[in-house]
Amino acid sequence: MKKNYFVFVVMLLCTAFAFSQGTITGKIMDGDLGGPLPGASVVVKGTTNGMAADFDGNFSITAPSNSGVLVVSYIGYITKEISFSAIGNVGKITLMPDAEALEEVVIVASVAVDRKTPVAVSTISAADIELKLGTQEFPEVLKSTPGVYATKSGGGFGDGEIRLRGFDSQNVAVMINGVPVNDMENGRVYWSNWAGLSDVTSSMQVQRGLGASKVAVPSIGGTINILSKTTDVEKGGSIFGGIGNDGYQKYGATISTGLMDNGFAATVSASKTTGEGYVDGTQFNGYNYFVNISKSINDNHKLSLTSFGAPQTHGQRQNRSSIDTYRNAESGIRFNPDWGYKNGQVTHIEDNFYHKSQTSLNHYWNINEKSILSSAVYASWGNGGGGGTAGTNTDLFKTRLGGFDQPVDLDNIVEINRENGRQGLGSEAYLRASYNNHEWFGFLSTYKNELTEDLDLLVGIDLRDYTGDHFSEVTDLLGGNYALDNDNENNPNATLQVGDKRQYHNVGNVGWQGFFAQVEYDKDKVSAFLSTAVSNTSYQRIDYFNYLDSDPDQKTDRYNFLGFSAKGGANYRLDDNHNIFGNIGYFEKAANFDGVFVGFDNENQNPDAENQKIFSAELGYGYRSDKLAANVNIYRTSWNDRTETASFNQPDGSNAVANILGVDALHQGIELDFMYKATDELTITGMASFGDWTWQNNVTDVQIFDENQNLVNTVDIYIKDLHVGDAAQTTMALGLNYEVMPKTNLIIDYNYYANFYADFDPSDRGDASTPEAWEAPDYGLFDAGLRHGFKLGEYDATVTVRMNNVFDTRYIADAQDGGNHDALTASVFYGFGRTFSLSTKIRF
């Protein structure tokens, strides 16, 4: 089978190469700062033949004849046309910044500029995303970035997680086209909501630490900026399809009008992804849509309407297992305890289903030669949740179709519930779903004024209004007639049917008003900024189950929390090759929603919750030359009065959550990365990140709640000087990109992870003598890819073959500490073994 697959790929590549034409090569340079312009667009005029320049600005494009014109463009730069009269190298092409266009990108999306913005930054182009993603989760494309630890978590579609400098997504600002997407109540980012975004991403930038974000976003660990394709794309489109391991299939299309003579431009993209999942019982079905319509009204006004979303359903593996369990399971590391069979059909006991859409209308107004105003009004709607078990006897879900490692016997539960029904009783065990629906409306506006030739002033507002609707619902009675529920004060002793709410129903209202001002200086060799922001966060809780409709306590007052930030930095360009930078900042961030309503009710309130206090400082050095680009930086982030929400498995296997208030943490480390152009054909990349992340104090009176929001324990936790868990504190990467032949590249990447400490169960930290959490074994992974571009008739096409974890290394990617703080008692998720994908794209 493997031999046939290899022969097929080789034959396809050889056949395609026969279509290749003459090749034009060159290098695209920044006429302002002198460096390359990675991702710049190169198109043969009058054709649909185009490509993006690589990290060094180099390009190699097929021309249908020996003469013609190249159209070279880049976001924020003036488009240039270059004539050629012979096949070969056209040399360096210099693009100059287009002040007007660059303002739009930087102001709206807070994009950092190389050798100018004084922050540690890594940029991933659309070409790199397409080349390296394969069947991986979207965040995993960043895994070779310093400070990043990205995993698949339980292994379900879209369940990937990313941690930046040891901070989880609650404390990493994620923005799409300048619009924040972190959940307003808990700050988290659910990547399954954006599973199809990779199809329409023009670039992805990771700013570590303070970041360049000017809106009042608390980017403690860093900021991830995602820019979608809009009017910068050429007229045309593409169709694509791919297959992969475990029944993976993806296909879709993108089409763009380009900028028409009447000022309109539109881009539409849609795709579908399905598969069985690498992990048992994690079948998935997802869609993605993206629409952008832009209109240049005149030289001073431009409108852009963007809407996108990714509805999906997938089975999940929520519960970790011991290492011995995986070793003894028939399916090995694919073992999943959270699914079964009902009437011969796969039934997901734990699953996720969600559709989050985001729509924004942006207006760009060039007021005069010195002033620009950029505004965006946006709305987001989310609907869906995750499944689980319920009932008076959930131990029935432990009965399996054979041994411990086989699927759950749901037909057994059906028979028991049917027998109960004949006796007038309800279901002993059934399936439920926890919904987290929301409505989110916002407005962002930034005004920029050129005070002098060297000094700019930016001021803006950031307004948000969010309503989250949370409830649990019966989804399958498993043969029973009804389910009993006595948790609703307004409907006690309820007999529930499928679709009825159960256990809890509450609403969280969150308001946000942010204001910011920033001064930017850029002259000769020095660029610097000084920024300040103030924000007011308001919380209100409405509880429809714990309080009668007539009870005034059903709705709380609104509690307001004032936060602020001040940060500054400077970059000094020593010469054309060397630069140094530094930044420093202080934040006071409001506690999150659960830090104010600590008991999942309206009585245990914390209206005077302490602000979280964050101090961060960073120093860095950069080097740029024709052959080598390198960076090194050191950072220190001190976080006091931190609000931490820890999710974990209780000893009986059920899920629990702990609200940990007033904990202090220190994150510090050193990072370096480089890219070396060894030859015209070979590029070598690498990075290393060495972190030292520790808890700084012990915490008392920590409340622990079960998955139904019931208080089950109150404990003290002793964690002082223990390492922060759930992310590898040491990471390294080395990559090779070799051009085997024109438009054919072989990519090999190696990633190494060490000093990975298990996350801990707060209820198991009640003794000051408790040792360090278990440290998982170090591991390294090899990934490889091969891409070939060719002509398919008059169209440009590419074929990409990708294999992740080439040597099928077995490794632990996620762990929770056990009672003895060792490998024997730890609960883990193994990472995926060897996976592959084969995809093709045809551009027109």
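From a predicted model like this one, the values you see are computed outputs, not experimental measurements.

## A few points about the overall build of the chain
Then, number 1: What the chain contains, in helices and strands, is six helices and 48 strands.
Then, number 2: The buried share among the 844 residues of the chain stands at 56%.
Then, number 3: Put simply, 67% of the contacts in the chain that link residues at least 6 apart link residues at least 24 apart.
Then, number 4: Carbon and sulfur atoms form 54% of the exposed surface of the chain, whose accessible area is close to 33400 Å².

## Quick look at the side chain of Asp476
Then, number 1: If you trace the backbone, Asp476 turns up in strand 28 (residues 455-476).
Then, number 2: Look at Asp476 and you get buried, because its relative accessible area is 17%.
Then, number 3: There is a polar contact of 2.7 Å between the side chain of Asp476 and the side chain of Lys342.
Then, number 4: Separated by 2.8 Å, the side chain of Asp476 and the backbone nitrogen of Leu478 make a polar contact.
Then, number 5: Those residues within four positions of Asp476 in sequence are excluded, and the remaining contacts are Lys342, Tyr430, Leu431 and Val498.

## Side note on the pattern of salt bridges
Then, number 1: Here the structure, examined in full by the defined rule, presents 29 salt bridges.
Then, number 2: In this structure, Asp395 engages Lys398 in a salt bridge whose closest nitrogen and oxygen atoms are separated by 3.4 Å.
Then, number 3: Relative accessible area serves as the criterion here: at 55%, Lys398 is assigned to the exposed category.
Then, number 4: Close ionic contact of Arg418 with Glu415 constitutes a salt bridge, the shortest N to O distance being 3.5 Å. Of the two residues, Arg418 and Glu415 both sit in helix 5 (residues 410-422), three residues apart, roughly one turn of that helix.
Then, number 5: The exposure class assigned to Arg418 is partly exposed, which follows from its relative accessible area of 42%.
Then, number 6: We classify Glu415 as partly exposed; its relative accessible area is 45%.
Then, number 7: One connected set of salt bridges, linked through shared partners, spans Glu130, Arg787, Lys841 and Arg843.

## Some thoughts on the sheet that holds strand 46 (residues 812-816)
Then, number 1: Pairing is antiparallel across the open sheet formed by three strands, whose spatial order is 21-47-46. Strand pairing shows two members of the sheet lacking a second neighbour, strand 21 (321-322) and strand 46, which therefore form its edges.
Then, number 2: Of the strand pairs in this sheet, strand 21 and strand 47 (residues 827-830) are connected by two bridges, and their pairing is antiparallel. Each residue of the ladder has a partner; that of Ser322, found in strand 47, is Ser827.

## Some points on helix 5
Then, number 1: Between the first and last C-alpha of helix 5 there are 19 Å, a value that for 13 residues agrees with the 18 Å anticipated at 1.5 Å per step.
Then, number 2: Buried within helix 5 are the following residues: Leu410, Ile413, Val414, Asn417, Asn420 and Gly421. Around the axis of helix 5, the buried residues are gathered within 125 degrees of arc, so they sit on the same side.
Then, number 3: For helix 5, the elements touching its buried residues are strand 22 (339-342), strand 23 (345-348), strand 26 (408-409) and strand 27 (429-450).
Then, number 4: Of the residues that open helix 5, the one with a side-chain oxygen 3.3 Å from the backbone nitrogen of Asp411 is Asp409.
Then, number 5: One or two steps after helix 5, the chain reaches Gly424, where phi turns positive at roughly 80 degrees.

The rules behind the values
Residues numbered from 1 in each chain as written. Predicted model: local features only at pLDDT ≥ 70, side-chain atom pairs only at ≥ 80, totals over all residues. Heavy atoms only, no water. Helix = DSSP H or I, 4+ residues; strand = E, 2+ residues; numbered from the N terminus. Buried < 20%, exposed > 50% of the residue type's maximum accessible area, 1.4 Å probe, protein only. Contact = heavy atoms within 4.5 Å. Areas by Shrake-Rupley, 256 points an atom, 1.4 Å probe, with all protein chains shown as cover. Polar contact = N/O pair within 3.5 Å; in protein donor to acceptor, adjacent residues only side chain to side chain. Salt bridge = Lys/Arg side-chain N within 4 Å of Asp/Glu carboxyl O. Pairing = 2+ DSSP bridges. Expected span 1.5 Å × (residues − 1). Arc of directions from axis to C-beta.

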